[in-house]
Amino acid sequence: MLRLKKVVLFFCCFVNICAFSQDIFGKWKTIDDETKEAKSIVEIYKENDYVFGKIVEILNSDKKDALCEKCVGEEKDKPVLGLVLIKNMKPEGEYYKNGTIFDPERGKKYDCRLKLTNNPNILQVRGYISFFYATQYWERVN
């Protein structure tokens, strides 16, 4: 009986570890799709049943104090550090969809889709307008 309890306990711990590592929440290193350079750390979090992503670190020391010159509204000329660039995502099957992502360098907002790849430490981030899209792959930060 004691052995069975140990097996059940091990299984429960294993399932919890696997389940924890399979979600999109946490910090992600953004990778520029053209230069392949790491740009920032974005924290993805849940708030009121929606998923958001906020820039929590800028990796290029020359851009740490950058302002969002191409933003509109309240975000215009505010620091890029702290900018919520992913907004209002909802889970739908294996994806998070129906929200937006903002590119502060281009000043453009796109529809967005997030999905973990087969590797739970790589997040597929797709911004699109109609049938045109661009995809980046972000790396989980431990």
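See the structure printed just above.
This one's a predicted model, so the numbers in the text were calculated from it and none came from an experiment.

(A) Summary view of the overall build of the protein. Along the backbone of the protein there are 1 helix and 8 strands. For the protein, with 142 residues in total, the buried portion stands at 29%. Summarising the internal contacts of the protein: among those between residues at least 6 apart in sequence, 37% fall at separations of at least 24. When the accessible surface of the protein is totalled, it reaches about 9800 Å², and 54% of it is carbon and sulfur.

(B) Structural detail: the nonpolar core. Counting 23 residues, the largest nonpolar core has Ile-24, Ile-44, Leu-85, Ile-86, Leu-114, Leu-123 and Trp-138 as the members making the most contacts within it. Of all the elements in the fold, those that place two or more residues in this core are β2 (38-47), β3 (50-58), β4 (84-92), β5 (95-103), β6 (108-116) and β7 (122-129). In this structure Trp-138 touches Trp-28, Lys-29, Thr-30, Ile-31, Val-42, Leu-85, Ile-86, Ile-101, Asn-121, Ile-122, Leu-123 and Val-125, once residues within four positions along its chain are discounted.

(C) Spotlight on the sheet that holds β2. Judged by pairing direction, the barrel is antiparallel, and its 8 strands sit side by side in the order β1-β2-β3-β4-β5-β6-β7-β8 before closing back on the first. For this sheet, the mean inter-axis angle between neighbouring strands, taken without regard to orientation, is 35 degrees.

(D) Summary view of the pattern of salt bridges. As enumerated under the stated definition, the model contains 8 salt bridges in all. For Arg-106, the salt bridge identified is with Glu-34, shortest N-O distance 3.4 Å. With Arg-106 in the loop between β5 and β6 and Glu-34 in the loop between β1 (26-31) and β2, the pair connects residues that are 72 residues apart, well separated along the chain. Residue Arg-106 is classed as partly exposed on the basis of its relative accessible area of 45%. Because the salt bridges share partners, they merge into one network encompassing Asp-32, Lys-39, Lys-63 and Glu-105.

(E) Looking closely at the state of the cysteines. This structure, assessed with the given rule, holds 1 disulfide. Between the sulfur atoms of Cys-68 and its disulfide partner Cys-71 the distance amounts to 1.8 Å. Here the disulfide of Cys-68 and Cys-71 is right-handed, its torsion about the S-S bond being about 80 degrees. Here Cys-68 and Cys-71 have matching classes, each one buried.

(F) Main features of unusual backbone geometry. One non-glycine residue, Asn-88, adopts positive backbone phi at about 60 degrees. You can see Asn-88 is positioned in strand β4. Assessed through its relative accessible area of 37%, Asn-88 is described here as partly exposed.

(G) Main features of the side chain of Asp-32. Structurally, the position occupied by Asp-32 is in the loop between β1 and β2. Judged by relative accessible area, Asp-32 falls into the buried class, the value being 13%. In terms of polar contacts, Asp-32 uses its side chain to reach the backbone amide nitrogen of Glu-34, at 2.7 Å. Reaching out from Asp-32, the side chain makes a polar contact with the backbone nitrogen of Thr-35 at a distance of 2.8 Å. Setting aside anything within four residues of it in sequence, one finds Asp-32 in contact with Glu-37, Lys-39 and Gln-136.

Quick notes on the rules
- Starting afresh in each chain, residues are numbered from 1 along the sequence in its written order.
- Per-residue local features of the predicted model are confined to residues with pLDDT of at least 70, and side-chain atom pairs are confined, for both listing and counting, to 80 or more; whole-chain, interface and lining totals are unaffected and use all residues.
- Hydrogens and water are ignored here; the side-chain numbers use all heavy atoms of the structure.
- Here a helix means four or more residues in a row that DSSP labels H or I, a strand means two or more in a row labelled E, and each is numbered from the N terminus.
- Burial here depends on accessible area, computed with a 1.4 Å probe over protein chains only, as a share of the maximum for the residue type. Under 20% is buried, over 50% is exposed, and the range in between is partly exposed.
- When checking whether two residues touch, look at their non-hydrogen atoms; a contact exists if any pair is within 4.5 Å.
- To measure how exposed things are, a 1.4 Å probe is used in the Shrake-Rupley method; for residues, cover is taken only from the protein chains shown.
- Note on terminology: a nonpolar core comprises buried Ala, Val, Leu, Ile, Met, Phe, Trp, Tyr and Cys residues joined through side-chain atoms within 4.5 Å.
- Only strands joined by at least two bridges in the DSSP assignment are considered to pair.
- Between the N-to-C directions of two axes lies an angle of 0 to 180 degrees, each axis being a line fitted to C-alpha atoms and, for a helix, fitted only over the stretch in contact.
- Within this document, salt bridges are pairs made up of a side-chain nitrogen of Lys or Arg and a carboxyl oxygen of Asp or Glu, the two lying within 4 Å of each other.
- In this description, the term disulfide denotes a pair of cysteine sulfurs within 2.5 Å.
- For this analysis, a polar contact is any N or O atom pair within 3.5 Å, provided that within protein one partner can donate a hydrogen and the other can accept it, and provided that sequence-adjacent residues contribute only side-chain to side-chain pairs.

Worth remembering: the numbers are spatial, not functional.
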